[in-house]
Amino acid sequence: MSHTVEHATVLLREAVNALVTDPNGFYIDGTYGRGGHAGAILSMLSEAGRLLAVDKDPDACGAAVARFGADPRFEIVQGSFADIARFIQAKAKGSEAVSRVQGVLLDLGVSSPQLDEPERGFSFLRDGPLDMRMNPAEGLSASEWLAVAKQRDIAWVLKTLGEERFASRMAKAVVDYRQQTPITRTLQLAEIIAAANPAWEKGKHPATRAFQAIRIYINSELEDLKRLLDQVVDLLAIGGRLVIISFHSLEDRMVKQFIKTQQRGEALPKGLPVMDKDIVRPMRSLGKAVKPGER
């Protein structure tokens, strides 16, 4: 059952204006979602411009074909943005050679249709099967993982990926509960986590951090981001842009660290007589991080 909730695209204009510098360029939208950014990018491209969209979610890919499938400038691939180098290579072997990428856009995290549909298992606000996979045909679901994971591994995921200070208590509660009854529903897990959380944050559901952590782990989100960052310099044309929207402090830190490293250039041994102008700096930052306004 789909909920027709109007999807508001975060930082739409800011992201797309920063991304598109050449209307004839080749661009990548690494997280298609429901196509808010893709639509805005296509509106700025000429007939010669091209957009390759990527998404793990088969529902997102189906929506993309329905919305933009007739546009010859557009193509969607199901998969992870961590594999875009491979997708581009495959495309370049086709009839149309692909020049270097002019821009890559990532809008990290979960998309609102995934949260809005209880059967996807992302939300603790509506009951549904505890799945959380962006691609439901790949890997373990959250309930399958929670059924077999060691208590210390569950605690590590909650603490490291969710920055949850009661991770150990929550992990113990999960393991104690599953010995009696399998954990297969979102509200079931939310209740176990809430009961093990002794200090609820004002205005925040007590299971927020735990659900976020499990989702990030199940979908290898931080590993995928790292793999993308490791290859993006080689993919981008000179003057090409990388634009990333992040919602989570770990992703945010990883991206900022990456930008810093690229700006600083290769690390040289102390005392080496190299002039500043001779240091190779692959990328530079364009201004400070942009935060969304009230709207």
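Computed from a prediction, not measured in an experiment: that's the story for all the values here.

Enquirer: Pulling in residues and values, what's your account of the pattern of salt bridges?
Expert: Under the defined criterion, the tally for this structure stands at 16 salt bridges. In this structure, the salt-bridge partner of Arg120 is Asp57, at a minimum N-O distance of 2.8 Å. Placement of the pair is Arg120 in the loop between helix H5 (112–116) and helix H6 (142–148) and Asp57 in the loop between strand E2 (50–55) and helix H3 (58–68), with a sequence separation of 63 residues. By relative accessible area, which is 7% here, Arg120 ends up buried. Look at Asp57 and you get buried, because its relative accessible area is 2%. With its nearest N and O atoms 3.1 Å apart, the salt bridge here joins Arg253 to Glu163. Of the two residues, Arg253 is situated in helix H12 (residues 249–264) and Glu163 in the loop between helix H7 (151–162) and helix H8 (167–178); the sequence distance between them amounts to 90 residues. Judged by relative accessible area, which is 45%, Arg253 ranks as partly exposed. Residues joined in a network through salt bridges with shared partners are Lys56, Asp83, Arg86, Asp224 and Arg227.

Enquirer: Give a description of unusual backbone geometry that names residues and reports values.
Expert: Of note in this structure, Met132 is not a glycine but carries a positive phi near 75°. Mapped onto the elements, Met132 comes out in the loop between H5 and H6. Relative accessible area serves as the criterion here: at 0%, Met132 is assigned to the buried category. A positive phi angle, close to 50°, is found at Glu163, a residue other than glycine.

Parameters at a glance
Residues numbered from 1 in each chain as written. Predicted model: local features only at pLDDT ≥ 70, side-chain atom pairs only at ≥ 80, totals over all residues. Heavy atoms only, no water. Salt bridge = Lys/Arg side-chain N within 4 Å of Asp/Glu carboxyl O. Helix = DSSP H or I, 4+ residues; strand = E, 2+ residues; numbered from the N terminus. Buried < 20%, exposed > 50% of the residue type's maximum accessible area, 1.4 Å probe, protein only.

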